[in-house]
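Geometric and topological summary
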Amino acid sequence: MSVYSFDDLLHRREPLAPPLIHVHVQKSAGSTLNGLLMKNYKMRVSSRGVDFVPRFTKAEIITLAEPPRSEDDRVRPTFFTGHIDLDNEIFGLTPGRFVTVAVLRDPVERVISHYRFNSTQPGVFQNTINEEGMSVLDYHHKFAGAIGTQFGVFAPNGSVNDAIRRLEHEVSLFGLSSKFDEFTTALSSLLGFQTWVYKSLNRTSFDAAKVSREEVSELKVILADDIAFYEEAVALYDRRKPHFPSFIAQHEWTKFYT
């Protein structure tokens, strides 16, 4: 197995469109990205929790993760998506070359979005927030495991530095939710998508639970490691940005998409 690097996407593409693995970071425009991917790939395979197996057998996963056999292939190229980390078994099951993508978000905004979104969704989160008057700080303290850190997605058992290193070398292309249009333009160009149009999904309702400035300040202290990771990721993104193409003429992968 071998992941396409950012430089590979720019200069060393093979003739057959590879499968794609979307590392869907919660509350970071991942659902919107999935919508764009669904308009281009022949098939979507979503994890159940963090597992792709046994929803599909390992043999089925390996088959779906192969490059298309022809332009008329009915299921390939496939994209795989889920709230997974870089140690997920899908990376080991993929037999050939593949592309990995992700979208990151400011850590404080991400936690607040998780809190406010769930304050509007029927269920245990909404009941806890609204009936008990739970603040975003108490919410994060109680449900931090459900939200997770962003750097933990890229280095599940490692440090912030490990996460940055793996983001750079094990993720082909990543974007920032605050610059989503810029990211999707680069992604569509580098992969040769036929369709670049997307619809924003999972937006938080205006009447969701409120968060004070004081709470935001406290979250910045609590999320210091994740903020450090995000700032380093933004710096890496900014170094790559001048190389983003606006258009690649006659992309060899375009003919394989839907």
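Small disclaimer: the values here were computed from a predicted structure and weren't measured.

Criteria and thresholds
- Residues numbered from 1 in each chain as written.
- Predicted model: local features only at pLDDT ≥ 70, side-chain atom pairs only at ≥ 80, totals over all residues.
- Heavy atoms only, no water.
- Buried < 20%, exposed > 50% of the residue type's maximum accessible area, 1.4 Å probe, protein only.
- Helix = DSSP H or I, 4+ residues; strand = E, 2+ residues; numbered from the N terminus.
- Pairing = 2+ DSSP bridges.
- Axes fitted to C-alpha atoms, helices over the stretch in contact; angles between N-to-C directions.
- Parallel < 35°, antiparallel > 145°, perpendicular 65-115°, else oblique.
- Left-handed = near helix turned anticlockwise from the far one by under 90°.
- Contact = heavy atoms within 4.5 Å.
- Nonpolar A, V, L, I, M, F, W, Y, C, P; charged D, E, K, R; others polar.
- Phe/Tyr/Trp six-rings, centres within 6.5 Å; stacked < 30°, edge-to-face > 60°.

**Quick notes on the pairing of strand β6 (residues 173–176)**
- Side chains of β6 alternate between two faces, with L173 and G175 and F174 and L176 buried alike.
- In this sheet, β6 lies alongside strand β5 (residues 97–104) in parallel orientation, the contact comprising 4 bridges. Bridge pairing links A102 to F174 in β6.

**Quick look at the packing of helix α2 (residues 30–38) against helix α10 (residues 180–191)**
- Orientation of α2 relative to α10, taken along the N-to-C sense of each, is 30°, at an axis distance of 12 Å. Considering their axes alone, α2 and α10 lie roughly parallel with respect to each other. The handedness of the crossing between α2 and α10 comes out as right-handed. Of α10, the residues touching α2 (which contributes T32, L33, L36 and L37) are F180, F183, T184, L187 and S188.
- Among the residues making up the contact of α2 with α10, the classes are represented as 6 nonpolar, 3 polar and no charged.

**Describing the packing of aromatic side chains**
- According to the stated counting rule, one finds 15 aromatic pairs in the structure shown.
- Consider the rings of F154 and F229, whose centres lie 5.8 Å apart with planes at 25°: the pair is stacked. Of the two residues, F154 sits in helix α8 (residues 150–154) while F229 sits in helix α12 (residues 224–240), which places them 75 residues apart along the sequence. Here F154 and F229 have matching classes, each one buried.
- Geometrically, the ring pair formed by F180 and F183 is tilted, given 6.2 Å between the ring centres and 50° between the ring planes. With F180 and F183 both in helix α10 and 3 residues apart, the pair spans about one turn of that helix.
- On the basis of relative accessible area, F183 is assigned to the buried category, the value being 0%.
- Three or more aromatic residues joined by ring pairs form one cluster here, namely F6, F174, Y237 and F244.

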